[in-house]
Amino acid sequence: MLKPVLLSGLVGLSIVSFAIAPNAQAQGITYQAQIQSAASQTIPALELQQFVQVQKRWKGIEQQSQGLMVQAIKSEGLTPERFVAILKQKQSPTPSDEPLSSDDNTKFEKIIAKFQDIEKESIPKKEKAIISQGLDIQRFGQIQRTIQQDPALQAKVKAMLGEDSQPQSQPQ
């Protein structure tokens, strides 16, 4: 019973982590938006494989961050479900029938601050993952942007992410 509840909480947290951490994203991960030159539509097979390996490492970093977020929620005395309910209430354009208590609001704000710290701490880890695969951050951003604009490349990356860490045997 606890596992499905935590899973739904984690799904909500993953959405929350991107929605609430604009400062963390602005300080490091938004380098994709800072790229001025148009990305080449051709990505060499090696770079595509490096990109996929980075994505796999990022998944682990994000899972670790989500675990820390769950701990942050619990350390403030809330459940993930209650946190998500407060978040929805705060994001709702219509006022709730049940006003938020000042205690819950304080806990929520403390949790958000912890989330932002967790996100800030993940940025250097993500950058290290890029560099460790032999890419520089600017090139990684170009590859990411190219993939975002090309549905065929998106499908290829998704297929590569579904595979084990074995290199591609098919010609690129």
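Our subject is the structure that appears above.
Residues numbered from 1 in each chain as written. Predicted model: local features only at pLDDT ≥ 70, side-chain atom pairs only at ≥ 80, totals over all residues. Heavy atoms only, no water.

**Q** Help me out: how do you make sense of the pattern of salt bridges in this one?
**A** Side chains that differ in sign of charge can pair as their charged atoms come close. Counting across every chain of the model gives six salt bridges. Ionic pairing is found between K114 and E76, a salt bridge with its closest N-O pair at 2.9 Å. Pair noted here: K114 is in helix α6 (residues 102-132) and E76 is in the loop between α4 (45-75) and α5 (80-91), with a separation of 38 residues, a long-range link. Measuring nitrogen to oxygen at the nearest pair gives 3.5 Å for the salt bridge that ties K90 to E109. Of this pair, K90 sits in helix α5 while E109 sits in helix α6, and the two are 19 residues apart along the sequence. When its relative accessible area of 37% is taken as the criterion, K90 is described as partly exposed. (Salt bridge = Lys/Arg side-chain N within 4 Å of Asp/Glu carboxyl O. Helix = DSSP H or I, 4+ residues; strand = E, 2+ residues; numbered from the N terminus. Buried < 20%, exposed > 50% of the residue type's maximum accessible area, 1.4 Å probe, protein only.)

**Q** Would you explain the packing of α4 against α6 in this entry?
**A** If you want to describe how two helices pack, look at the angle between their axes and the distance between the axes. Two numbers describe how α4 lies on α6: the axes approach to 10 Å, and their chain directions differ by 165°. Put simply, α4 runs roughly antiparallel to α6. The hand of the α4/α6 crossing is right-handed. Residues V54, R57, W58, I61, E62, Q64, S65, L68, M69, A72, I73 and S75 of α4 form the contact with α6, whose own contacting residues are I111, K114, F115, I118, E119, S122, K125, K126, A129, I130 and S132. Split into classes, the residues belonging to the contact of α4 with α6 amount to twelve nonpolar, five polar and six charged. (Axes fitted to C-alpha atoms, helices over the stretch in contact; angles between N-to-C directions. Parallel < 35°, antiparallel > 145°, perpendicular 65-115°, else oblique. Left-handed = near helix turned anticlockwise from the far one by under 90°. Contact = heavy atoms within 4.5 Å. Nonpolar A, V, L, I, M, F, W, Y, C, P; charged D, E, K, R; others polar.)

**Q** What is the right way to read the nonpolar core from this model?
**A** The biggest cluster of nonpolar side chains holds 16 residues, and the ones touching the most others in it are L48, W58, F140 and I147. Every element with two or more residues in this core is listed here: α4, α6, α7 (137-148) and α8 (151-162). It is α4 that provides the largest number of residues to this core, a total of six residues. Counting residues in each nonpolar core, the second largest holds 13 residues, with M69, I73, I86 and I111 among its members. (Core = buried A, V, L, I, M, F, W, Y, C linked by side-chain atoms within 4.5 Å.)

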